[in-house]
Amino acid sequence: MPSRSVRPAFPRHLVTAVLVSHDGERWLRRSLAALEAQTRPAQRAVAVDTGSHDASVRILAAGLGASRIVPAERTTGFGAAIALGLEAYNGAPMPPNGPRAGDGDPVEWVWILHDDCAPEPHCLEALLARAEQSPDAAVLGAKARGWDQPRLLLEVGLTTDGAGHRHTGLDRREVDQGQHDGVRDVLAVGSAGMLVRRDVWDALGGFDPRLPLFRDDLDFGWRANLAGYRVEVVTDAVVHHAQAAAAGHRRLAATRDFPRRVDRRNAMFTVLANASPLALALGLPRLALATVLRVLLFLLTRRPLLAIDELAAYVRLVRSTGALFTARRARAPLVVVPRRSLRPMMARPGARLRAISEHIGDWLTAGRSNRGLYVAPVAQALETGPSSSDDDDDLPTSGIDWRAVLLAPGLLLFAGLTVVSLIAERHLLGVHGVLSGGRLLPPPAGASDLWHTYLAGFHPVGVGSTADAPPYLPVLALVSMLFLGKVWFAVDVLLLGCVPLAGLAAYVAMRGQLRSRAVRAYAALTYALLPVGVEAIVGGRLGVGVAFVLLPLVIRAVARCFMAATQRGGWRYAWWAGLLLAVAVAFAPDLLPGAALAVLAVAVLSAVRRPAHAVRLVLAGLIVLLVPVVLLVPWTGRVWSQPGLLVLGTGRVAPGLDLPHPRPSDLLLAWPGGTGVPAWWLTVGLLVAALSVLIRRDRVLTGLCAWALVAAGLVTGSVISHTTATADGVRALGWPGASAGLVGAGLVMAAALAADGALPRLASASFGLRQPVAAAVALLALTAPLLAVTSWLSAGPPDDTALARHGSTILPDFLVGSLAGSDGLRALVLRPTGLTVSY
């Protein structure tokens, strides 16, 4: 695209447009057409292609000419690519349509363009008009709007807060109605369509090479402000941007790391590199605290991969402290403006809280409401301001619809189950005393006691013991820290709240797997009311209760692991699934055999379906199983030599509590046995509904995987329920609670898969026998949660062996041991397997 020979407007301004391309075939034709259509064209244009593997070079050659393409390595960063484009014109003669004598002092500009941005025809003209009016303006930015949604606002200037979070000052999904129009000073502007005076670009050294991708524009604007140059946003200039890198529409080669980690590391790096010395001294510990809080927030909102990326980004920041101090030394001679003078340009403190509340609202409503809430892509999680999306065609109003949040099915489900649990457990509620009885021992006074027991190599009980502490103690200690170190409070929440927590976990775990929210709600309700959860509460089985809550999340993580095993970065899903499984197994050791059978069965089924990736799928399954084996050392070493340790689970051995024992036919109905468990026939309707998935031809693989869970739980549960182990001089049969939970999860999963999308299929088919049969199966399926609620609420008072609240004083194990005397008082020490030993 040769430069036009007609004298342009604002002739004293010489503009060199630098377009950077990287696998941009999808957007380049529109970008080049927009560059050609400028009412005030750039006198010179050059494209830098960073090793594209698609047709980008051919498209650039057709639009600009082969002589204006500068090739670069595929790993070249964005700032380095711009520098290569400018070098192509170093020493070149003035173009025919450039500044002439009499035009005034010539001013050279660099106009930065992405291959996925398309400036509107008057964009460059509006930027130069502002440059003509304000000669001291050195960096000018355009208003950014959506690529496929031309009214969606993306950026009207950029800023940040002390933790490096990117802020645009816009509501999410905000429509451009001129409400932000006008010229104003800002901390930074986006690099798409950025116009920079050439002498300023050279004086600042361009974009920092330590930031090859992401946050380079924010850092450049910040440095320009500190150097005394004006940075302005000009809203009359408009550029449409696809934000392909942030939205994950293309793979990046300038970094081998995950884009999210690079973005967060660069964000924190930018803040510390430009902060004052005092802010730098406080920055690393402050960012460490912010990282911990964000990790917890991501975990609470079921975004484990974002939590891992957040933690890894901080680790990379700490490892790059040498580069950080080098960057600060390079910036120091250029700082002429007090840093405190830029505080009005920084994000307001309330902007961060508003962004967090918006994302929590999105999580509760699954990203959908009557007002069309938008879920940001991974690269911009918990950042303010929207991003364009090719999947959204309509532009709803912005903000949070709190009515949709409060009426979210997941929140209503959790609230309903909480009310049912409070009514059914009314005899266990109170502020005096602690829960104990059944399999539950009185908890220690505080989280520090748990840490001391876990870390101690010698336990002063009786004559002393060097037995390994149970592996769930550190997890319970961490949870207790959320409740101000009150272990009894954490036990109350985990045990008495395991039913509503399991329902919420199941609802969240099925997000994205089932299209119908009604089916998701039914599946979550049915899972939460399985006999295993009720018996865990009545029998004081804390370990089984926690595993019951975690099981849906473990299944979801394993499923994502196998789906992503063939993709780049897919291995981290396997590590995360293994970590979740390790926590569940630490509380319920008898879950490990069933989980191993289920994971291996699903790996084989997936390999049969995708034989080309069989090796990677099997390796992913092995990683999932090896992680808990390694993390739970030395407990796993003891299990290797004494396999019977898996049988009795955690807690006090009480043989009478596990009666009656289940038969294999009972386990098929997810009935584990025990004193307080509901009747076995309550889940017959669920079993019938689960069988119906086998006739869904479009759900063959997922249906077989669901039944693989049932089979794994049935096999291991049958073995456990017929295995006798000895502990504390008492012989007892194993209780297959975790295995029954695995069976129940498989049945619920199969029934949900059979119901999801069945109604439209039946409605489109001619009327026949299948419609009344389907209606009968649906009615049978609905009986499972209804009968479970009725049975639980109408249950009589528990016997003396079940869980109850006692007002006894809580004493540490070593103190109880020291008080043992002729009265036969015994100290009970929880083993990793839950076995008890008397002294």
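Note that the structure is a prediction, hence the values are computed from the model and not measured.

Enquirer: I'm lost on the overall build of the protein in this one. Help?
Expert: Secondary structure summary: the protein contains 32 helices and 16 strands in total. The buried share among the 839 residues of the protein stands at 56%. Sequence separation of 24 or more characterises 79% of the internal contacts of the protein that already satisfy a separation of 6 or more. When the accessible surface of the protein is split by element, carbon and sulfur atoms take 64% of a total near 34,500 Å².

Enquirer: Just to check I follow, could you spell out the side chain of Thr526 for this structure?
Expert: Considering the arrangement of structural elements, one finds Thr526 in helix 19 (residues 517-528). Since its relative accessible area comes to 2%, Thr526 is described here as buried. Sequence-distant contacts of Thr526, defined by excluding residues within four places in its chain, comprise Leu686, Val748, Ala784 and Pro785.

Enquirer: Which parts of the structure should I look at to understand a nonpolar patch on the surface?
Expert: Taken together, Leu600, Val615, Val618, Leu619, Leu622, Leu626, Val629 and Val630 make up a surface patch of nonpolar side chains, about 670 Å² in accessible area. Examining the composition of the nonpolar patch, we find that seven residues originate from one element, helix 24 (residues 614-631), more than from any other. Position of Val618 relative to the elements: it lies in helix 24. Accessibility expressed as a relative area gives 36% for Val618, which makes it partly exposed.

Enquirer: Please explain the packing of helix 10 (residues 304-319) against helix 22 (residues 571-587) as it appears in this structure.
Expert: The packing of two helices is summarised by the inter-axis angle and the distance between the axes. At a minimum axis distance of 10 Å, the contact between helix 10 and helix 22 shows a crossing angle of 105°. One finds that helix 10 runs roughly perpendicular with respect to helix 22. Where helix 10 approaches helix 22, its residues Pro304, Leu305, Ile308 and Asp309 are matched on the opposing element by Arg572, Tyr573 and Trp576. Of the residues in the contact of helix 10 with helix 22, the class split is five nonpolar, no polar and two charged.

Enquirer: Would you mind showing me how to read helix 1 (residues 25-36) here?
Expert: Side chains of residues three or four places apart in an α-helix project in the same direction, reflecting 3.6 residues per turn. With 12 residues, helix 1 ought to run about 16 Å at 1.5 Å a step, and its terminal C-alpha atoms sit 17 Å apart, in line with that. Elements that come into contact with the buried residues of helix 1 comprise strand 1 (13-21), strand 2 (44-50), helix 2 (56-64), strand 4 (107-114), strand 5 (117-119) and helix 7 (244-247).

Enquirer: I would appreciate a short explanation of the side chain of Arg294 in the present structure.
Expert: Position of Arg294 relative to the elements: it lies in helix 9 (residues 277-300). Classification of Arg294 by relative accessible area gives buried; the value is 6%. For Arg294, the side chain forms a polar contact with the side chain of His165, separated by 2.9 Å.

Enquirer: Hey, could you run me through helix 22 in this one?
Expert: Between its terminal C-alpha atoms helix 22 stretches 25 Å, which fits the 24 Å expected from 17 residues at 1.5 Å a residue. Extensive coverage of helix 22 is indicated by the burial of 13 of its 17 residues.

Enquirer: Is there a simple way to think about the environment of Asp115 in this case?
Expert: Within the secondary structure layout, Asp115 lies in the loop between strand 4 and strand 5. Between the C-alpha atom of Asp115 and that of Trp27, which follows or precedes it by 88 residues, the distance is 6.4 Å. Apart from the residues lying within four places of it in its own chain, the contact partners of Asp115 are Leu19, Val20, Ser21, His22, Asp23, Gly24, Trp27, Leu28, Ser31 and Arg250. Reaching out from Asp115, the side chain makes a polar contact with the backbone nitrogen of His22 at a distance of 2.9 Å.

Enquirer: Would you mind showing me how to read the pattern of salt bridges here?
Expert: Tallied over the entire structure, the rule returns 29 salt bridges. Between Asp208 and Arg331 there is a salt bridge, with the nearest N and O atoms lying 2.9 Å from each other. Of this pair, Asp208 sits in the loop between helix 5 (198-204) and helix 6 (216-226) while Arg331 sits in helix 11 (residues 321-331); the two residues are 123 residues apart in sequence, bridging distant segments of the chain. Among the salt bridges present, the one from Arg215 reaches Asp263, with a minimum N-O distance of 2.9 Å. Taken as a pair, Arg215 in the loop between helix 5 and helix 6 and Asp263 in helix 8 (residues 259-274) lie far apart in primary sequence, 48 residues in all. The network of salt bridges with shared partners includes Glu120, Lys143, Arg145, Asp176 and Asp181.

Enquirer: Help me understand the packing of aromatic side chains in this model?
Expert: Each pair of aromatic rings is reported with the distance of its centres and the angle of its planes. What the rule picks out here adds up to eight aromatic pairs. Ring geometry for Trp201 and Phe207: centres 5.2 Å apart, planes at 55°, overall tilted. Take Trp201 and Phe207: they sit in the same class, and that class is buried. Ring centres 5.4 Å apart and planes at 70° place the aromatic pair Phe207 and Phe220 in the edge-to-face group. Placement of Phe207 in the loop between helix 5 and helix 6 and of Phe220 in helix 6 is noted, with a sequence separation of 13 residues between them. As far as the burial class goes, Phe207 and Phe220 line up, both buried.

Enquirer: Help me understand the pairing of strand 1 in this model?
Expert: Working note: regular strand, side chains alternate between the two faces of the sheet. Across the nine residues of strand 1, nine count as buried, placing the element largely inside the fold. Burial along strand 1 is two-sided: His13, Val15, Ala17, Leu19 and Ser21 facing one way and Leu14, Thr16, Val18 and Val20 facing the other are all buried. With eight bridges joining them, strand 1 and strand 4 adopt parallel strand pairing. Bridge pairing in strand 4 places Val15 opposite Trp109. As paired elements, strand 1 and strand 2 share six bridges and run parallel to each other.

Enquirer: Quick question: what am I supposed to make of unusual backbone geometry here?
Expert: In terms of backbone geometry, most residues other than glycine have negative phi values and most peptide bonds are trans. Residues Val633 and Pro634 are joined by a peptide bond in cis, for which omega reads 10°. The residue Pro634 is located in the loop between helix 24 and helix 25 (635-641) in this model. In this structure, Arg215 is a non-glycine residue whose phi angle is positive, near 70°. Judged by relative accessible area, which is 5%, Arg215 ranks as buried. Phi is positive for Leu484, which is not a glycine, with a value near 60°. Within the secondary structure layout, Leu484 lies in the loop between helix 16 (473-481) and helix 17 (487-496).

Enquirer: What's the story with the environment of Thr683 in this structure? I'm lost.
Expert: The residue Thr683 is located in the loop between helix 26 (664-668) and helix 27 (684-691) in this model. Those residues in contact with Thr683 that sit more than four places away from it in its chain are Leu530, Pro531 and Leu669.

Enquirer: How should I be thinking about the environment of Val139 in this particular structure?
Expert: Relative to the elements of secondary structure, Val139 occurs in strand 6 (residues 137-146). With relative accessibility at 0%, the residue Val139 sits in the buried group. Taking C-alpha positions, Val139 is 7.1 Å from Met194, a pair spaced 55 residues apart along the chain. Dropping the residues within four chain positions of it, Val139 is found in contact with Val189, Met194, Leu195, Val196, Phe220, Ala224, Arg230, Val231 and Glu232.

Enquirer: For this particular structure, what's the right way to read the pairing of strand 4?
Expert: Counting buried positions along strand 4 yields seven of eight residues, so the element is predominantly enclosed. Two elements, strand 4 and strand 11 (residues 195-197), share three bridges in a ladder whose sense is antiparallel. Counterpart to Trp109 in the pairing with strand 11 is Arg197.

Enquirer: Help me out: how do you make sense of the confidence of the model for the protein in this one?
Expert: Keep in mind that low pLDDT regions are not for reading the predicted coordinates in detail. Per-chain confidence: the protein averages 81 in pLDDT, with 83% of residues scoring 70 or above. When mean pLDDT is taken per element in the protein, strand 11 scores highest with 96 and helix 32 (residues 813-818) scores lowest with 37. Note that residues 458-466 has pLDDT below 50 and, in this model, 21 contacts with residues that lie over four places away or in other chains. Of the regions scoring below 50 in pLDDT, residues 808-839 engages in 77 contacts with residues more than four places distant in sequence or in other chains.

Enquirer: Help me understand the packing of helix 1 against helix 2, please; the structure alone is not making it clear to me.
Expert: At a minimum axis distance of 9 Å, the contact between helix 1 and helix 2 shows a crossing angle of 15°. It follows from the interaxial angle that helix 1 and helix 2 lie roughly parallel. At the point where helix 1 passes helix 2, the crossing takes the right-handed sense. Residue-level inspection shows Glu25, Leu28, Arg29, Leu32 and Leu35 of helix 1 in contact with helix 2, the latter providing Ser56, Ile59, Leu60, Gly63 and Leu64. Grouping the amino acids of the contact of helix 1 with helix 2 by side-chain chemistry returns six nonpolar, two polar and two charged.

Cut-off values and rules
- Residues numbered from 1 in each chain as written.
- Predicted model: local features only at pLDDT ≥ 70, side-chain atom pairs only at ≥ 80, totals over all residues.
- Heavy atoms only, no water.
- Helix = DSSP H or I, 4+ residues; strand = E, 2+ residues; numbered from the N terminus.
- Buried < 20%, exposed > 50% of the residue type's maximum accessible area, 1.4 Å probe, protein only.
- Contact = heavy atoms within 4.5 Å.
- Areas by Shrake-Rupley, 256 points an atom, 1.4 Å probe, with all protein chains shown as cover.
- Patch = residues over 30% accessible without salt bridge, like charges linked within 9 Å, V, L, I, M, F, W, Y side chains within 5 Å.
- Salt bridge = Lys/Arg side-chain N within 4 Å of Asp/Glu carboxyl O.
- Axes fitted to C-alpha atoms, helices over the stretch in contact; angles between N-to-C directions.
- Parallel < 35°, antiparallel > 145°, perpendicular 65-115°, else oblique.
- Nonpolar A, V, L, I, M, F, W, Y, C, P; charged D, E, K, R; others polar.
- Expected span 1.5 Å × (residues − 1).
- Polar contact = N/O pair within 3.5 Å; in protein donor to acceptor, adjacent residues only side chain to side chain.
- Phe/Tyr/Trp six-rings, centres within 6.5 Å; stacked < 30°, edge-to-face > 60°.
- Pairing = 2+ DSSP bridges.
- pLDDT = per-residue confidence, 0-100.
- Left-handed = near helix turned anticlockwise from the far one by under 90°.

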